[in-house]
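The chain contents come next:
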Amino acid sequence: MTSRENPALLLARRLRGLREHAWPDVSLTQRDLARVLGGSRPLSVPLISSWENPQRPVVPPAERLLAYAAFFASRRSVESRPYRLLDDAELTTVERERRDRLERELLEARSEALTFQETATTPIPVGTLDGPWRFEDGKPITIVCAEVPKQQLDSLPTPDDPLRAYAELYSYADADSLLELHGHIRAANPFSEVTVRKAPELLPDDYTTHLVLLGGSDFNSATRTLIAMLKLPVMQVPAGPESRLPTMYRVEEDGRTDDHHADWDAGGTHLLSDVGQFVRAPNPLNGKRTLTICNGIDSRGVLGTVRALVDERFRERNSAYLRDRFAGCTKYGVLTRILIVDGAVVTPDWTLKETRLHEWKAT
């Protein structure tokens, strides 16, 4: 195929042209654009570069192209540093018309590029890390976390607190799991856009990407909704008044019911082991993308499940186990024991039978 026949290349050339030639007297680098388009969470420079790649470009999400259109609609976007996106109310009538024309142009080009990619046979370059966290189609990936309940945030710094440092990450449940998983997914998929959202902030387009859900159905509304759609044989249910934790895992299969709890010490003050759940399935909202769930009763169960496929000491053997055990399966899951030693999470070894509490699969 020539570049003329490939609309993805034409879109990449157009985006690079906007950055370099929209205002010839203005120095607009990929880093500048990454900061503008990402807002409070700047995008990575390699991601901007991948959108402009003259050989194998990655097609940006629609929301990023809308931001492009808004940014390049007015020279006032670069009147002073830091460069910024103007609000709709700040734009003049002429600037709004320019933005609308550019939106139509870029979105139409994106649609043509996606149609081309769906039928293309040339493989998309991927990272060097193999395993379940590598998505070879190069499509966007969205990691979804629960939002920490408001009552737990009341004692933490706020954006307006002048005496204590604020971080938006405070409001993300399972932040330690997010930290470890995000870096690994970015490394394994350098040409994919990787976005992190709190469940209440998911955009309509996010639901049709490769979805990665962190945390259980107690806090994560996205997990609740999508687990219900998958109709899994393993569910989180109330553990009863005698339990220190609000949930347990219940397996209902072949007419048999098995319950799996977290374990505490005799005094009920120290967690000795948790139960983690890993699920991989087609995304029920877009069959060409995947849905992955890393879950646990306690947050340490979530972290242990994430580490099973991220920890460099175990990820290769655990990935190989999944590949061999579930070859040819479109939907599968593992319920695993997560040991806690002196408060520290121990990465599970799925090749050990005693580590795996339950497995299921479907073709």
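Here, every reference points to the structure presented above.
Everything quoted here is computed from the prediction, not taken from an experiment.

Undergrad: I'm lost on the side chain of Ser74 in this one. Help?
TA: Relative to the helices and strands, Ser74 resides in the loop between helix H4 (62-72) and helix H5 (93-119). Using a relative accessible area of 1% as the deciding quantity, one classes Ser74 as buried. In this structure the side chain of Ser74 is engaged in a polar contact, spanning 2.7 Å, whose partner is the side chain of Glu95.

Undergrad: When you look at unusual backbone geometry in this model, what are you seeing that I'm missing?
TA: Residues other than glycine predominantly adopt negative phi, and peptide bonds predominantly adopt the trans conformation. Of note, the bond from Arg81 into Pro82 is cis; its omega dihedral lies within 30 degrees of zero at 0°. Along the chain, Pro82 falls in the loop between H4 and H5. You will see that Lys231, though not glycine, has its phi angle at about 55°, which is positive. Mapped onto the elements, Lys231 comes out in the loop between helix H8 (221-230) and strand E4 (234-238). Residue classification places Lys231 among the exposed residues on the basis of a relative accessible area of 70%. Positive phi values are uncommon outside glycine, yet Asp254 reaches one of about 55°.

Undergrad: I tried to follow the environment of Leu107 on my own but got confused; where do I start?
TA: Of note, Leu107 is situated in helix H5. Spatially, the C-alpha atoms of Leu107 and Leu309 are 36 Å apart, while their sequence positions differ by 202 residues. For Leu107, the contacting residues outside a window of four places in its chain are Ala62, Leu65 and Leu66.

Undergrad: Explain the packing of aromatic side chains here, please?
TA: A ring pair, where both rings are aromatic, is described by two values, the distance of the centres and the angle of the planes. Considering all chains together, one arrives at nine aromatic pairs under this definition. Judged by centre distance (5.7 Å) and plane angle (80°), the ring pair of Trp23 and Phe71 falls under edge-to-face. A residue pair is termed long-range when its members are at least 10 positions apart, and Trp23 in the loop between helix H1 (7-21) and helix H2 (30-38) and Phe71 in helix H4 qualify at 48 residues. The two residues Trp23 and Phe71 agree in class, both being buried. One cation-aromatic arrangement involves Arg280 over Trp133; the distance from NZ or CZ to the ring centre is 6.0 Å.

Undergrad: Would you explain the side chain of Arg19 in this entry?
TA: By the secondary structure assignment, Arg19 is in helix H1. When its relative accessible area of 9% is taken as the criterion, Arg19 is described as buried. Polar contacts involving the side chain of Arg19 include one to the main-chain carbonyl oxygen of Leu28, which spans 3.1 Å. A polar side-chain atom of Arg19 sits 2.8 Å from a polar atom in the side chain of Glu52. Beyond its immediate sequence surroundings of up to four residues, Arg19 is in contact with Leu28, Thr29, Gln30, Leu33, Glu52 and Phe72.

Undergrad: Is there a simple way to explain the pairing of strand E5 (residues 247-253) in this structure?
TA: Residues in a regular strand point their side chains to alternate faces of the sheet. Where E4 lies against E5, five bridges are found, and the strand directions are antiparallel. From the neighbouring strand, Val234 faces E5, where its bridge partner is Val251. Sheet topology note: the E5/strand E6 (residues 256-260) ladder contains five bridges and is antiparallel. Its bridge partner lying in E6, Tyr249 is registered against His260. Linking E5 to E6, which pair antiparallel, is a turn of two residues; within it Asp254 sits at a positive phi near 55°.

Conventions we followed
- Residues numbered from 1 in each chain as written.
- Predicted model: local features only at pLDDT ≥ 70, side-chain atom pairs only at ≥ 80, totals over all residues.
- Heavy atoms only, no water.
- Helix = DSSP H or I, 4+ residues; strand = E, 2+ residues; numbered from the N terminus.
- Buried < 20%, exposed > 50% of the residue type's maximum accessible area, 1.4 Å probe, protein only.
- Polar contact = N/O pair within 3.5 Å; in protein donor to acceptor, adjacent residues only side chain to side chain.
- Contact = heavy atoms within 4.5 Å.
- Phe/Tyr/Trp six-rings, centres within 6.5 Å; stacked < 30°, edge-to-face > 60°.
- Lys NZ or Arg CZ within 6 Å of the ring centre and 35° of its normal.
- Pairing = 2+ DSSP bridges.

Geometric values such as these leave the question of function open.
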